[in-house]
Amino acid sequence: QVQLVESGGGLVQPGGSLRLSCAASGSIFSIGAMEWYCHAPGKQREFVARIRSGGRTNYADSVKGRFTISRDNAKNTVYLQMSSLKPEDTAVYYCNADITDNSGGWGSYWGQGTQVTVSS
């Protein structure tokens with residue numbers, strides 16, 4: 001069984017920073033792409049950033065230059081460093097990972113989400 005657990009959300013003032021973490025655990029053989037999405041009230045879930053197993057990254061235009069995605073393959077963990085935060089960044093942030101388990105099965109797994117609120 002594979003599980004993703006996010007942490008690091010909270011309340012921050014505009015212009016501030018937060019670092020989100022998402023750790024994968026369980027019967028993991030390998031992890032491919034790892035991604036972050038956000039879901040704000042009244043909106044659909046949106047792509048934020050992706051990092052492939054080789055380290056190549058992609059970002060939504062709205063976060064380029066402000067957010068940085070990284071991963072620690074030894075810890076099966078992906079991070080999202082969020083800087084210059086704006087009130088419009090307020091959302092629940094979810095991580096997603098493409099994981100092959102030890103029995104050879106593949107799946108796209110989601111974490112439970114972590115709330116980020118940007119407000120003065």
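These numbers were taken from a predicted model, which means no experiment stands behind them.

**So, the pairing of strand β7 (residues 67-72)**
Then, number 1: Burial along β7 is one-sided: the residues Phe 67, Ile 69 and Arg 71 are buried and none of Thr 68, Ser 70 and Asp 72 is.
Then, number 2: Where β7 lies against strand β8 (residues 77-82), 6 bridges are found, and the strand directions are antiparallel. From the neighbouring strand, Thr 68 faces β8, where its bridge partner is Gln 81.
Then, number 3: The loop that links β7 with its antiparallel partner β8 comprises 4 residues; one of these, Asn 76, has a positive phi angle of about 55 degrees.

**A few points about the side chain of Asp 101**
Then, number 1: The topology assignment puts Asp 101 in strand β9 (residues 91-101).
Then, number 2: Buried Asp 101, no salt bridge; nearest opposite-charge side chain is Arg 71, N-O distance 16 Å.
Then, number 3: Discounting chain neighbours no more than four positions away, the residues touching Asp 101 are Val 2, Ser 27, Ile 28 and Phe 29.

**Section: the sheet that holds β8**
In a beta sheet, neighbouring strands are held together by backbone hydrogen bonds and run either parallel or antiparallel to one another.
Then, number 1: A sheet is described by the order of its strands in space; here 4 strands give the open sequence β1-β3-β8-β7, paired in antiparallel fashion. Each of the sheet's edge strands pairs with one partner strand only, and the pair in question is β1 (2-7) and β7. Each adjacent strand pair in this sheet contributes to an overall mean axis angle of 15 degrees, direction not counted.
Then, number 2: Two elements, β1 and strand β3 (residues 18-26), share 6 bridges in a ladder whose sense is antiparallel. Directly across from Ser 7, in β3, lies its bridge partner Ser 21.

**Examining the state of the cysteines**
Then, number 1: Tallied over the entire structure, the rule returns 1 disulfide.
Then, number 2: Each sulfur in the disulfide pair Cys 22 and Cys 95 lies 1.9 Å from the other. On the sign convention where negative means left-handed, the S-S torsion of about 45 degrees between Cys 22 and Cys 95 marks this disulfide as right-handed. Residue Cys 22 is located in strand β3, and its partner Cys 95 is located in strand β9; the two are separated by 73 residues in the primary sequence.
Then, number 3: On the accessibility criterion, Cys 95 (0% relative accessible area) is buried.

**Concerning the nonpolar core**
Grouped burial of nonpolar side chains is what soluble globular proteins tend to show.
Then, number 1: In this structure, Trp 36, Val 48, Leu 80, Met 82 and Tyr 93 are the most contacted members of the largest nonpolar core, which totals 31 residues.
Then, number 2: Within the residue set of this core, elements represented by two or more residues are β1, β3, β4 (28-39), β5 (46-51), β7, β8, β9 and β11 (114-118).

**Focus on the layout of surface pockets**
Then, number 1: The computed volume of the largest pocket comes to approximately 230 Å³.
Then, number 2: Taken together, 18 residues form the lining of the largest pocket, with Cys 38, Glu 46, Ser 62, Glu 88 and Asp 89 sitting closest to its centre.
Then, number 3: Broken down by secondary-structure element, the contributors of at least two residues to the lining of the largest pocket are β5 and β9.

About the criteria used
- Residues numbered from 1 in each chain as written.
- Predicted model: local features only at pLDDT ≥ 70, side-chain atom pairs only at ≥ 80, totals over all residues.
- Heavy atoms only, no water.
- Buried < 20%, exposed > 50% of the residue type's maximum accessible area, 1.4 Å probe, protein only.
- Helix = DSSP H or I, 4+ residues; strand = E, 2+ residues; numbered from the N terminus.
- Pairing = 2+ DSSP bridges.
- Lys, Arg positive; Asp, Glu negative; His and termini not counted.
- Salt bridge = Lys/Arg side-chain N within 4 Å of Asp/Glu carboxyl O.
- Contact = heavy atoms within 4.5 Å.
- Axes fitted to C-alpha atoms, helices over the stretch in contact; angles between N-to-C directions.
- Disulfide = S-S within 2.5 Å.
- Core = buried A, V, L, I, M, F, W, Y, C linked by side-chain atoms within 4.5 Å.
- 1 Å grid on protein atoms, 1.4 Å probe; cavity = no way out; pocket = protein on both sides within 12 Å on 5 of 7 lines; lining within 4 Å.
- Points joined across faces, edges and corners; volume = space filled by probe spheres on them.

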